[in-house]
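Below, each chain spelled out in residue letters.
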Amino acid sequence: MARLSSENLETAYEIIARYPVKKSALIPLLHLAQEQDGWVTDVAMAHIAELVEVTPAEVIGTCTFYEMFKRKPVGKYVVNICTNISCQLLGGEELLHHAEQKLAIKAGATTADGLFTIEDVECIAACTEAPCLQVNYRYFHKITHGEFDSLIDDLKAGTRDEIPAHGTLAKVRQHIPAARRAGAVAPTDRAEPVWLIRNRQEGAS
Amino acid sequence: MTMNDVPKIITSRFDQGDAHTLDGYRRTHGYEGLAAALEKTPQQVADEVKAASLLGRGGAGFPAGIKWTLAPANVWPRYLVVNGDESEPGTYKDRMLLERDPHQLIEGVLIACYAVGCGQAFLYIRGEMAHAQERMAAALNEAYAAGFVGKNILGTDFSVDVVLHWGAGAYIVGEETALIESLEGNRGMPRLKPPFFPAAKGLYMQPTIVNNVETLSNLPWIIRNGVDEWNKLGAETSKGTRVFAVSGHVNNPGVFEVEFGVTTFRDIIFDPKFAGGIRGGKALKAFIPGGASAPWFYEEHLDLPLEKVAIDRAGSMLGSGAIVVMDEDTDMVKAALRLVRFFARESCGKCTPCREGTTWMEKIMQRILDGHGRPEDVALLMDTADNISVDFMWPPRMTTICPLGQSATTPIASAVMRFKDEFERYVGGPIELNVTVKGAAFIGPPTRKKEGSGV
């Protein structure tokens, strides 16, 4: 339970500066908070509210709309198993049931050791690779029950370094160098873009 | 032109291992379209895209060039928003484009911003696609450093920032006004149209062009090769190529770029070059032609070309290019329930018919599947669906702000109308329906087989 760390606060300021209106940074900042704590805490939401200058209630309002934001602790590894149509046709539901057996929890629950949460999710855009799943949003395609078991065993043994703990979304961030920055364009900035003006003037001459 | 001669337009770099890097991209004509665009006036570029009749690849199929002209004159600033929230069940193409050829999209974004006069662009990528976000972030960082994005692009007075933005898990955000709400930091609920047509009143109530990832990824090729080359490909109303994901019970599920409007469903499902037919030599039972929202198609639709007008007329849509194939052993009640459950989970809750209707339809279907259904439950189900999509017309009559609610009724109408016997087995008695069903694809079995194959 924490406000954003000083390092994350730097990142937060950089993200906010990209947008013409601060509130647009709300979802990226919620991801940042989730990356820091593994879930989205009330304290972090209050901090985000300060940063984007809205009320905490507005932050909660946005946060609770989106599936990916967890409002209570989840496993270090969130295992999302797709059961939507393309996966259902090729054994997605059976894979989910197998996962529930293997980890001895129902979908939506977290194992007692805090390592795994299983989710029964909607289409994750890997339909030609069914049945598929994600661990912390990293894809695994055409998964057999045996492969699922090995994956879980690997994760327990800590031999899957490529999968960061839950919350870390992208390991590469956008960074706009100051010298190359065109700048956020505020909705109140009524000027016509310069390249349009130039082209019109050249056309007229 | 045979299928083998069709040039790969947007998937041309899919097998090039380093296409996601700036070097790899530039080695294969990367950013040449942008350079060519900057030699022209913005108006010339916009005219060229309009002449290309590039239909939007996100679902609705609205021509991108026309969409651009809908922004009111002399209202500034304008924004470009890229819809990369690919979530329609069965759809798998934008994620590939983002992961394998991110610079192609950036180049398309820049060409669009230059032509339309957008002061800033936002790349809204679905939250669950971590790798796509990493690839896009790395590509943007490289492109900024090399002078392709940002201030004074390629040494000209054209300047625009492209901001990478993430979603956080909500199918409805693929609807363009919901996407704008989400980008403003709000719950992703659609806005009422009119007045909130994004081209007039979009992001921060300013003119906003919302284009799909695949749509914009076509622009570098069109500008580099010219609209005449583009218009040689495809059918009269559906130009160029299109990417389709074929999934389900096929031998070779995959993502295929084919000539738009020429290739048929039979080609793409059965040809060994594409999906290679039904697994285990089984018979086809039904297929979804364009994502979970699309009414199902059957054997008699196989010879329809993948072309917007013909598919619309036959009572369905190409939507997001997602073809899901179901073999003869598929339990259609189970399949329909899974799709209805999806829409019930993803309804944003703003409009009553959708919020209440999808939830009740899921419950009724679950009861039927669990073996506790009564024969009259199927009529109840169809009556509930009829309250969301009146008379099951195609295109549907709107009772809600966005089409999600109507989409939830298409798997029900498809399954009930065509596989009534399966429902009767579940409920243990004959079913009597008391609703009017007008959508062409729902009605059957058809006597119009010849007409269907001749379109």
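Residues numbered from 1 in each chain as written. Chains lettered and ligands numbered in written order. Predicted model: local features only at pLDDT ≥ 70, side-chain atom pairs only at ≥ 80, totals over all residues. Heavy atoms only, no water.

Under the UniProt heading Sequence similarities (unreviewed entry), the note attached to chain B is "Belongs to the complex I 51 kDa subunit family." (UniProt positions renumbered as here; feature names shortened; annotations may be inferred.)

Regarding chain A, the relevant UniProt record gives this comment under Sequence similarities (unreviewed entry): "Belongs to the complex I 24 kDa subunit family."

What follows concerns the interface of chain B and chain A. One frequent convention defines the size of an interface as the accessible area lost when the parts assemble. Tallying the contact residues gives 88 residues for chain B and 70 residues for chain A. Both faces considered, chain B and chain A share a buried interface measuring about 6,400 Å² in area, 56% of it formed by carbon and sulfur atoms. Three residues, B:Trp76, B:Trp166 and B:Arg338, lead the burial of chain B against chain A; their summed loss comes to 11% of the area buried on that side. On inspection of chain B and its partner chain A, the count reaches six salt bridges. For B:Arg338, the salt bridge is made with A:Glu122, and the minimal N-O distance between the two is 3.0 Å. Joining chain B to chain A, the criterion identifies 45 residue pairs in polar contact (both at pLDDT 80 or more). For the side of chain B that touches chain A, a count of residues per class yields 44 nonpolar, 26 polar and 18 charged. (Contact = heavy atoms within 4.5 Å. Buried area = accessible area lost by both parts, 1.4 Å probe. Salt bridge = Lys/Arg side-chain N within 4 Å of Asp/Glu carboxyl O. Polar contact = N/O pair within 3.5 Å; in protein donor to acceptor, adjacent residues only side chain to side chain. Nonpolar A, V, L, I, M, F, W, Y, C, P; charged D, E, K, R; others polar.)

Let us now look at helix 16 (residues 375–388) of chain B. Those residues of helix 16 of chain B not exposed but buried are B:Asp377, B:Val378, B:Ala379, B:Leu381, B:Met382, B:Thr384, B:Ala385, B:Asp386 and B:Ile388. In this structure, the buried residues of helix 16 of chain B make contact with helix 15 (352–369), helix 17 (404–418) and helix 18 (420–427) of chain B. (Buried < 20%, exposed > 50% of the residue type's maximum accessible area, 1.4 Å probe, protein only. Helix = DSSP H or I, 4+ residues; strand = E, 2+ residues; numbered from the N terminus.)

For the rest of this paragraph, the subject is unusual backbone geometry. Of the consecutive residues B:Pro194 and B:Pro195, the connecting peptide bond is found in the cis state with omega at 10°. Inspection of the secondary structure puts B:Pro195 in the loop between helix 8 (176–183) and strand 4 (208–212). With an omega of -5°, the peptide bond running from B:Trp394 to B:Pro395 counts as cis. Relative to the elements of secondary structure, B:Pro395 occurs in the loop between helix 16 and helix 17. The phi angle at A:Tyr137 is positive, at roughly 70°, despite the residue not being glycine.

All names here are of chain B. Here the structure, examined in full by the defined rule, presents 20 aromatic pairs over all chains. Ring centres of tyrosine 114 and phenylalanine 158 lie 5.3 Å apart, and the angle between their planes is 70°; this geometry places the pair in the edge-to-face category. Of this pair, tyrosine 114 sits in helix 6 (residues 102–116) while phenylalanine 158 sits in the loop between helix 7 (130–145) and strand 3 (161–166), and the two are 44 residues apart along the sequence. Classification of phenylalanine 158 as buried rests on a relative accessible area of 0%. (Phe/Tyr/Trp six-rings, centres within 6.5 Å; stacked < 30°, edge-to-face > 60°.)

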